[in-house]
Amino acid sequence: MKVDGKPYRSIWLAADGWSVDIIDQTRLPHEFSVVKLETLDQAAHAIKAMLVRGAPLIGATAAYGVCLGLRTDASDSALRNMCETLIATRPTAVNLRWAIRAMQEVLLPLPEGDRVSAAYEKAAQICDEDVAINSAIGNHGLEVFRQVWRAKGQEGKLNILTHCNAGWLATVDWGTALSPIYKAHDAGIPVHVWVDETRPRNQGAHLTCWELGKHGVPHTLVVDNAGGHLMQHGLVDLCITGTDRTTAAGDVCNKIGTYLKALAAKDNKVPFYVALPGPTIDWEIDDGVKDIPIEIRDSHEVKYIQGLDRNREVSEVRILPEDSPSANYAFDVTPARMVTGLITERGVCAASKEGLAGLYTPAS
Ligand code: MRU
C-alpha cells in the first residue's frame, strides 16, 4: 500500500541485499520510522517488543530472522537454536511456527554452505505469497461485502466494524480483514469503518486509523465497549476481524475483545466474518478455548497509555493507582458457532471442520 504516494510493504530486503527493513509500528501514527534489522537478536526483539506485529508479519519477520542468524552460523545446531529463540517470542500467532517450519524444511537438508542463499530465497517467497494470499482474500471478501451492500438496498453507507489491526501493517501487504475494505472502497462501495481502539496497545487507534486514513477510507474510532451499542442501533452492517490462529474446527483466536464483539453481533444478527490466510490454520487442534496458548504480556501495557502529549512528544501516562495490580491477556477465542463465515484466499467457507476441509487439505 502507499504512504504519501510511495508504495511500501511492511518488511523488505534493504538495498545492501542482506539486511532487512521494517516499519517501527510502536512509533505510529505519530512517526513513520524505518528500522534496520541486521541480526537474529534484533529480529527476535522486533517481534517481541511489537515493532512488527500481526500474525502474518510475525511469520515473515521470523523467516528473515533465520536468514540473519545463518549469516553468523549456518550449522544444524545454530539453526535449531535460532528457530527456538524466534518461536518463543510470541506464543499465540501460529504463522510464526508455520514460517519457522517452512524454513527448516528447506534448510536442514542442505549443506551449510548453501543455506544462507536458500534462506533468503525462501523468506522472499513467504513474503510474496503472503501478498498474493491477502489480495485474494480481498477479492473474496469484496463479494461478501457486495452481497451485504445489495441486501441493504445499496443505500447510505456500508458500515463495517473491525477490531485491532488486521491491515497491511499486520501482514506483508494488503492485510486480511482490511483487504476487502480497501477493495470495496476502491470499487466504489461507500464503506465506513468503525474502528475499535483495541486496548491495551490501541492497535485500532494507532494503526488501523492511520492505514485507513492514508488510503482515504472513511472511518470513526470508537472505544472498545461501543460496538454492542452500535449494533443494537442498526449502525453496523457487518463485522470483520483477522485471526492469529484458527483451529481445524473453525474456532478463531484474535486480539482480546474480539469474542465480545462476536457475542454482540450474534445477539443483534449482525454478520461476523473472519478473514484469514491458510498459514493461520492450526490443523493440530480443534478446540481453541482449550488448546490455544494465550499470550500474557507485561501489565505495563495495561497500566500506561501512550500518545502524543501537549508538547507534541510521544509519551505515556499511568491510568490507575500505583499499587493496583493489573493483568494483560492479549488474545481471546471466538468459538466457530459465532462466526458467520471464514474469508480465505481460496474462497469463503463455514467456520467448521467441513467448511475448511472443503477448501484445504488438512495440514497442507
Ligand atoms: O498483538 P498483535 O497486534 O500482533 O495482534 C494482531 C491481531 O490480533 C490481528 O488481528 C491478527 O494478527 C490478524 S492480522 C492479519
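Now for a description of the structure that goes with this document. The shown structure was predicted, so the numbers you read here are calculated from the model rather than taken from an experiment.

1. Things to note about the site of the ligand
Around the ligand there are 19 residues in total, and Arg53, Arg90, Gln203, Asn254 and Lys255 lie nearest to it. Here an oxygen atom of the ligand and a side-chain polar atom of Arg53 are 2.9 Å apart. Contact between the ligand and Ala55: an oxygen atom at 2.9 Å from a main-chain N or O atom of the residue. When residues of the shell around the ligand are traced back to their parent elements, those giving at least two are α2 (55-72) and β11 (252-255). Its residues placed into classes, the shell around the ligand shows seven nonpolar, eight polar and four charged. Taken domain by domain, the shell around the ligand gets at least three of its residues from each of domain 1 (2-129) and domain 2 (137-357).

2. Examining the pattern of salt bridges
Here the structure, examined in full by the defined rule, presents 17 salt bridges. The partner of Arg9 in a salt bridge is Asp128, with the nearest N and O atoms 2.8 Å apart. Linking Arg9 in the loop between β2 (6-7) and β3 (11-13) with Asp128 in helix α5 (residues 112-151), this pair joins segments that are 119 residues apart in sequence. The closest approach of N and O atoms between Arg97 and Asp282, which form a salt bridge, is 3.0 Å. Of the two residues, Arg97 is situated in helix α4 (residues 94-107) and Asp282 in strand β13 (residues 281-282); the sequence distance between them amounts to 185 residues. Residue Arg97 is classed as partly exposed on the basis of its relative accessible area of 22%. Taken together, the shared-partner salt bridges in this structure form one network comprising Arg90, Arg201, Glu295, Arg297 and Glu301.

3. Description of the sheet that holds strand β5 (residues 34-37)
Read from one edge to the other, the open sheet built from three strands follows the order β3-β4-β5, with strand pairing classed as antiparallel. Where the open sheet ends on each side, the last strands, each with one partner, are β3 and β5. Each adjacent strand pair in this sheet contributes to an overall mean axis angle of 25°, direction not counted. Relative to β5, strand β4 (residues 20-23) runs antiparallel, the two being bridged by four bridges. By the bridge assignment, Ile23 is partnered in β5 with Val34.

4. Looking at the packing of aromatic side chains
Tallying each qualifying case throughout the model produces six aromatic pairs. Aromatic side chains Tyr8 and Phe32 sit 5.0 Å apart centroid to centroid with 70° between the ring planes, which places their arrangement in the edge-to-face category. Taken together, the positions of Tyr8 in the loop between β2 and β3 and Phe32 in the loop between β4 and β5 put the pair 24 residues apart, joining distant regions of the chain. Through successive ring pairs, a cluster of aromatic residues spans Tyr8, Trp12, Phe32, Trp168 and Trp210. Across from the ring centre of Trp18, 3.9 Å away, lies the NZ or CZ of Arg71, which sits over that ring. Here the guanidinium or amino end of Lys255 rests over the ring plane of Phe331, the centre of that ring lying 4.1 Å away.

Each value, and the rule that gives it
- Residues numbered from 1 in each chain as written.
- Predicted model: local features only at pLDDT ≥ 70, side-chain atom pairs only at ≥ 80, totals over all residues.
- Heavy atoms only, no water.
- Near = heavy atom within 4 Å.
- Polar contact = N/O pair within 3.5 Å; in protein donor to acceptor, adjacent residues only side chain to side chain.
- Helix = DSSP H or I, 4+ residues; strand = E, 2+ residues; numbered from the N terminus.
- Nonpolar A, V, L, I, M, F, W, Y, C, P; charged D, E, K, R; others polar.
- Domains from an automatic or database assignment.
- Salt bridge = Lys/Arg side-chain N within 4 Å of Asp/Glu carboxyl O.
- Buried < 20%, exposed > 50% of the residue type's maximum accessible area, 1.4 Å probe, protein only.
- Pairing = 2+ DSSP bridges.
- Axes fitted to C-alpha atoms, helices over the stretch in contact; angles between N-to-C directions.
- Phe/Tyr/Trp six-rings, centres within 6.5 Å; stacked < 30°, edge-to-face > 60°.
- Lys NZ or Arg CZ within 6 Å of the ring centre and 35° of its normal.

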